[in-house]
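Descriptive structure summary
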Amino acid sequence: MSGIEVTPAELAQLTEELAHLEGPRREEAVNAIATARAFGDLSENFEYHAAKDSQGLLERQITILRAKIQSARVVEAPADTDRVHTGSRVTLEDEAGDRVEVTVTAVGGVDACSPDSPLGRAIQGAAVGDRVQVDAPRGSWTARIVAIA
């Protein structure tokens with residue numbers, strides 16, 4: 001996994017999420033396995049197998065999150081909002097006049113746009129009023145930068 005650019009706040013968010021997964025969530029998984037194990041014969045114990053599967057998924061999430069944190073490059077968000085950068089909240093308008101707001105971040109979340117995605121690459125460095133060409137897998141489209149916060 002190549003390094004991702006994150007703001008200090010995003011790195012703190014990732015670190016907090018990792019602590020939650022490694023702490024309370026891991027403890028819940030261990031307790032669920034112990035409870036299911038008490039039900040008896042493990043070869044026919046659905047609860048046990050479901051708890052083990054859940055634990056495996058949790059451990060995979062932890063591995064992915066650790067890799068993100070270890071490869072993260074912390075970038076300071078510029079004080080001005082003249083240009084789109086990692087951490088920017090951007091309002092876009094497409095050709096039909098529909099507007100969408102995205103946050104440029106490698107962390108993910110609601111309305112997140114990865115800097116490495118087609119949209120993220122297209123808007124990086126753009127200013128308010130600029131038109132950008134987004135070359136997405138389902139086809140190209142043009143958007144206008146309406147606002148940057």
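Remember, predicted model here, so these are calculated numbers, not experimental data. (Residues numbered from 1 in each chain as written. Predicted model: local features only at pLDDT ≥ 70, side-chain atom pairs only at ≥ 80, totals over all residues. Heavy atoms only, no water.)

Overview of the pairing of strand 4 (residues 99–104)
Across 5 bridges, the pairing between strand 3 (residues 89–94) and strand 4 is antiparallel. By the bridge assignment for strand 4, Glu-93 is matched with Arg-99. The hairpin formed by strand 3 and strand 4 contains 4 residues between the paired strands, and Gly-97 there has a positive phi angle of roughly 90 degrees. Summarising the sheet, strand 4 and strand 5 (residues 112–113) pair through 2 bridges and their orientation is parallel. Note that in strand 5 the partner of Thr-103 across the bridge is Ala-112. (Pairing = 2+ DSSP bridges. Helix = DSSP H or I, 4+ residues; strand = E, 2+ residues; numbered from the N terminus.)

A closer look at the side chain of Thr-91
With respect to the helices, strands and loops of the structure, Thr-91 is situated in strand 3. Here Thr-91 is in contact with Arg-99, Val-100, Glu-101, Arg-144, Ile-145, Val-146 and Ala-147, once residues within four sequence places are set aside. (Contact = heavy atoms within 4.5 Å.)

Structural notes on unusual backbone geometry
In this model, Asp-111 sits at a positive phi of 60 degrees, which is unusual for a non-glycine residue. Among the secondary structure elements, Asp-111 is positioned in the loop between strand 4 and strand 5.

Examining the sheet that holds strand 3
Read from one edge to the other, the open sheet built from 5 strands follows the order 5-4-3-7-6, with strand pairing classed as mixed. A strand with exactly one partner marks an edge of an open sheet, and here the two such strands are strand 5 and strand 6 (131–136). Summarising the sheet, strand 3 and strand 7 (residues 139–148) pair through 5 bridges and their orientation is antiparallel. If you follow Leu-92 over to strand 7, its bridge partner there is Ile-145.

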